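Inside the fold
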Amino acid sequence: MNNFEQIKKKALDKWDSLIHSDIPVIYLGAASCGKAAGANKVLEIIIETLDEHKLKAKIIQVGCIGPCYLEPLMDIVVPGQPRISYANVDEIKTKRIIESYLLKNDPLLKFAVGHFGGEDKQLTNGLPKFFDLPMLKPQVRIVLRNCGYIDPEDIDHYIANDGYEGIKKALEIGPENVINEVKESGIRGRGGAGFPTYKKWEICRNAPGDEKYLICNADEGDPGAFMNRSLIEGDPHAILEGMLISAFALGATHGYIYIRAEYPLAISRLKKAISQMNDYGFLGDNIMNSGFNFHITIKEGAGAFVCGEETALIASIEGKRGMPRSRPPFPAIAGLHGKPTIINNTETLGTMPNIIRNGANWYKQYGTQESHGTKTFSLVGKVRRTGLIEVPMGMSLRQIIFDIGGGTQKPFKAVQTGGPSGGCLSEEFLDIPVDYQSLASAGSIMGSGGLIIMDEDTCVVDVARYFLDFAQKESCGKCTPCRVGTRHMVEILESITKGEASPNVLTKLQTLGETVKRGSLCGLGQTAPNPVLTTLRYFRSEYLAHIKEQHCPATVCRDLLEYRILPDKCTGCQRCVNVCPTGAITGPRSETHNLDASKCIKCRACYEICRFDAIAGDAIVIRSKRSDS
Amino acid sequence: MNHDYSGIFSNYAGLEGDLIPILQQVQLKFGYISTQSTKEISKFLKISENQIYGVASFYSQFRFTKPGRHSIKICMGTACHVKGGQILSEAIERELDVIAGESTKDGRFDFHRVACLGCCALAPVVQINDDIYSQMTVIKLQEILGKYE
């Protein structure tokens, strides 16, 4: 272990020289989401501005700290001052802030959102602490603790922040004690189903055979979820250390990371992290001089939602079509190449180093009696503060959506938990605690952590149709209930959104949904009807409005809508005439325009231009056909 | 054997489990999986062309037609759907006269509807080559397409 002590000392020195840097340090949030919001351009401007004034500063690209709605985020630390965070920086703001702060020592606090300093700093002048912002204050960051804080491409940053202490301890206490600690912590699989992690490990450990496999499931296929991507991009070593701990406990000698090919940045960070581990002797043969051998291979998923299912994922790694098979035998007994195999979710593995390092009792202080610890969620949809969050189990949906997310702009309608496999819950469920049991009893599931918020402008029938359409397209086709059943459900839902369904269709939809749920081979089919069954239960009146009145209350279902020009508001600016792709809008300049409904394809172009153009008058409205009568 | 392929195959042992990584490398190099590619892989892995096509067509990543000069991916994830992804997708089909999964006749663009791109907080999202455009509207889209020739 002497070797580790040396590595650690070097890492601490490096970290210390960064924290007490004698030149300014600029941190830039450069995960995929930051880049999508413009972080690459901001980085160019930072470098240009520094060059222009011959300023010296360190630039560190960090992962996602969570509040996506503030992206791109740039933090600046000037020696002796706390780290100050600037939100929504663009090219102009970036240049101004750097010039002002680094040349004139004025931090331009009007552009800042928070600081990372202690209580007694005067400079911050009323600026709140970053982690006291309403979105961050209620959160408990365990698995995300390093995201946005350390350089994900530098193993020394991870080591300096207690990294690889977990595996070091695991190697000291031995595999049985590791499994005991995990059992004691009560952690359950964070991929969605919530199976106790220790139990899986125990079964695999006791299964006969020398060759065992560990697979990290990073095939985050839920539309609307990006927790795993953010975690890997922000702190890849946490997952890799978690894999070491898990493999050591199971007795696995080879591990795979099955990750979506659509996550190129996450893949490149993992590859870099793995090569750094090899350099330090944390991977390969005789890890940390303990005699423990473990190798990791990255497998890029080729795009199939069903491969999130364990047996389908294994088939895919074996080079086959990713179709599930019936269980038992469970993969823990006979998995990859017929050998005992454990598949753990990325978040479960990322949490492991914290549990082992700090102990089960520490972990248990968070969460509820039955569900311990924390869970990450991607908070998206019609909510004010979107982003990646981590909260203790048992927090209510209301706290998550309204305290952390800042609520919705228009009145709240529903929240979908668990992605396409979960349920759509109405306002009356907002006070239930978010844990495995409570969500299941409401007809939904915890799932991997996508939380999609809907307001009154979202049509739940359309959302149910969307999820079913997704499940139907992703159905592998092996078993009939899923292959044929989901197809029929989509057809029924389509007829409802077109206003063409007969009144008895809801009973049929319900029966069909229950049948698909009961009869399907794997988790995909068994959960696919959930969005339909829950919306039927909690939003039946909305279905009935579509069926009986051909009316979509949220004005979403296009066949039930029409576009109109309000004559008293139309300024005759011809903006809409120019953008209309079908020539449906006509009229001379300065006179009220005319919209020919028979030519209108409802593409929204006229509506947008009428809203956003200065001289247009908000004259185009989209409304339900029914409101005519 | 063609040198283009031997370069790729030399990194693999020739096991069945290498099929998907090889398909990924072939697509990276040529842009798509051609009949010729399938034949070469079949010879190397000693499995039938049918089996290769069966596996490749199962996964949405693989394409079997030549890509355009620019690649448009439109996100069909939940958040993007709720914020109007479908309308954007139709706008692209209309503006470029292209069907999802195929390329334009002039070879300028290929167009794909993809599951979540993972930046839901910025929905709706359109990706053209490596550029990601967030909070897209039909109007913005028309302007942006003009930038790619």
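What counts and how
- Residues numbered from 1 in each chain as written.
- Chains lettered and ligands numbered in written order.
- Predicted model: local features only at pLDDT ≥ 70, side-chain atom pairs only at ≥ 80, totals over all residues.
- Helix = DSSP H or I, 4+ residues; strand = E, 2+ residues; numbered from the N terminus.
- Rg over C-alpha atoms; globule rule 2.2 N^0.38 Å.
- Buried ≥ 20, exposed ≤ 12 C-beta atoms within 10 Å, placed from the backbone.
- Contact = placed C-beta atoms within 7 Å.
- Domains from an automatic or database assignment.
- Nonpolar A, V, L, I, M, F, W, Y, C, P; charged D, E, K, R; others polar.
- Pairing = 2+ DSSP bridges.
- Axes fitted to C-alpha atoms, helices over the stretch in contact; angles between N-to-C directions.
- Core = buried A, V, L, I, M, F, W, Y, C linked by C-beta atoms within 7 Å.
- Parallel < 35°, antiparallel > 145°, perpendicular 65-115°, else oblique.
- Left-handed = near helix turned anticlockwise from the far one by under 90°.

With that out of the way, let us pick up the overall build of chain A. For chain A, the helix and strand inventory stands at 24 helices and 19 strands. Taken over C-alpha atoms, the radius of gyration comes to 27 Å for chain A, in line with the 25 Å a tight globule of 629 residues would show. Dimensions of chain A, computed from the C-alpha atoms along their principal axes, are close to 80 × 70 × 40 Å. The buried share of chain A, reckoned over its 629 residues, is 54%. The contacts of chain A with a sequence gap of at least 6 include a subset with a gap of at least 24, amounting to 72%.

Helix and strand content of chain B: seven helices and four strands. Reported as C-alpha extents along the three principal axes, the dimensions of chain B are approximately 50 × 30 × 25 Å. Split into buried and exposed, the 149 residues of chain B put 40% on the buried side. Within chain B, counting contacts between residues at least 6 apart in sequence, those at least 24 apart form 57% of the total.

All right, on to the domain arrangement of chain A then. All names here are of chain A. Segmentation of chain A into domains returns domain 1 (18–129), domain 2 (164–359), domain 3 (374–455), domain 4 (460–549) and domain 5 (560–628). Measuring from the centre of the C-alpha atoms in domain 1 to the corresponding centre in domain 3 gives 31 Å. Contacts between domain 1 and domain 3 engage five residues on the former and five residues on the latter. For the side of domain 1 that touches domain 3, a count of residues per class yields four nonpolar, one polar and no charged.

Another point: the domain arrangement of chain B. As far as domains go, chain B holds domain 1 (3–58) and domain 2 (70–145). Here the C-alpha centre of domain 2 of chain B lies 29 Å away from the C-alpha centre of domain 1 of chain B.

All right, on to the environment of C75 of chain B then. Residue and element names in this part refer to chain B. Among the secondary structure elements, C75 is positioned in strand β1 (residues 70–75). Through-space distance from the C-alpha of C75 to that of K105 is 23 Å; in sequence the pair is 30 residues apart. Among residues more than four places away in sequence, those in contact with C75 are C80, G85, V114, C116, L117, P124 and V125.

Once that is clear, we can look at the sheet that holds strand β12 (residues 387–392) of chain A. All names here are of chain A. Reading across the sheet, the five strands line up as β12-β11-β15-β13-β14 and stay open at both edges, with mixed pairing between neighbours. With partners counted over all chains shown, the strands left at the sheet margins are β12 and β14 (423–426), one partner each. Averaged over all pairs of adjacent strands, the angle between their axes in this sheet comes to 30°, without regard to strand direction. In this sheet, β12 lies alongside strand β11 (residues 374–381) in antiparallel orientation, the contact comprising six bridges.

Here we take up helix α21 (residues 530–538) of chain A. Because an α-helix completes one turn every 3.6 residues, residues spaced three or four positions apart along the sequence face the same direction. With respect to burial, α21 of chain A is a largely interior element, eight of its nine residues being buried. Among the residues of α21 of chain A, those classed as buried are N530, P531, V532, L533, T534, T535, L536 and Y538 of chain A.

Moving on, we get to the interface of chain B and chain A. Chain B puts 37 residues into the contact, and the matching count from chain A is 44 residues. When residues of the side of chain B that touches chain A are traced back to their parent elements, those giving at least two are α2 (19–30), α4 (49–58), α5 (78–82), α6 (85–96) and α7 (138–145) of chain B.

Residue and element names in this part refer to chain A. Reading across the sheet, the five strands line up as β2-β1-β3-β4-β5 and stay open at both edges, with mixed pairing between neighbours. Because the sheet does not close on itself, it has two edges, and the strands there are β2 (58–62) and β5 (112–115). Across this sheet, the average inter-strand angle for adjacent strands is 25°, counted without regard to direction. Summarising the sheet, strand β3 (residues 74–77) and strand β4 (residues 84–86) pair through three bridges and their orientation is antiparallel. Residue M74 lies in a different strand from β4, and its bridge partner there is Y86. This element, helix α3 (residues 39–52), spans β1 (25–29), β2 and β3 of the sheet and lies at about 165° to β1.

Residues and elements named next belong to chain A. Of the consecutive residues R327 and P328, the connecting peptide bond is found in the cis state with omega at 0°. By the secondary structure assignment, P328 is in the loop between α12 (310–317) and β10 (341–345). Here the residue pair P328 and P329 is connected by a cis peptide bond, since its omega of 0° sits within 30 degrees of zero. Position of P329 relative to the elements: it lies in the loop between α12 and β10. Of note in the backbone geometry, S590 takes a positive phi value of approximately 70° without being a glycine. Structurally, S590 can be placed in the loop between β17 (585–586) and β18 (594–595).

Along α12 of chain A, eight of the eight residues are buried, which leaves the element largely enclosed by surrounding structure. Residues E310, T311, A312, L313, I314, A315, S316 and I317 of chain A constitute the buried set of α12 of chain A. Elements in contact with the buried residues of α12 of chain A: β6 (213–218), β7 (254–260), β9 (292–301) and β10 of chain A together with α2 of chain B. G319 of chain A sits one or two positions beyond α12 of chain A and adopts a positive phi of about 90°.

Generally speaking, nonpolar side chains in soluble globular proteins are found buried as a group. Counting residues in each nonpolar core, the largest one holds 233 residues, and the members touching the most others are L28, I400 and C606 of chain A together with V125 of chain B. A total of 10 residues in this core trace back to one element, the largest contributor, which is helix α10 (residues 236–250) of chain A. If near-sequence neighbours (up to four positions away) are discounted, I400 of chain A is found in contact with F377, L379, V391, M395, G405, V434 and L451 of chain A.

All names here are of chain A. Relative to the elements of secondary structure, D106 occurs in the loop between α4 (91–104) and β5. You can call D106 exposed: it has 11 C-beta atoms within 10 Å. Contacts of D106, omitting those with residues within four sequence positions, involve S100 and Y101.

Residues and elements named next belong to chain A. Helix α13 (residues 346–358) packs onto α10 with a crossing angle of 75° between their chain directions and a minimal axis gap of 7 Å. Put simply, α10 runs roughly perpendicular to α13. Every residue of α13 that contacts α10 at A238, I239, E241, G242, M243, I245 and S246 is listed here: T346, L349, G350, T351, M352, P353 and I356.

Looking now at the packing of α2 of chain B against helix α3 (residues 35–45) of chain B. Residues and elements named next belong to chain B. Between α2 and α3, the least distance of the axes is 11 Å, while the angle of their chain directions is 145°. Crossing angle aside, the handedness with which α2 passes α3 is right-handed. Note on element contacts: α3 touches α2 through S37, I41 and L45, opposite L19, I22, V26 and F30.

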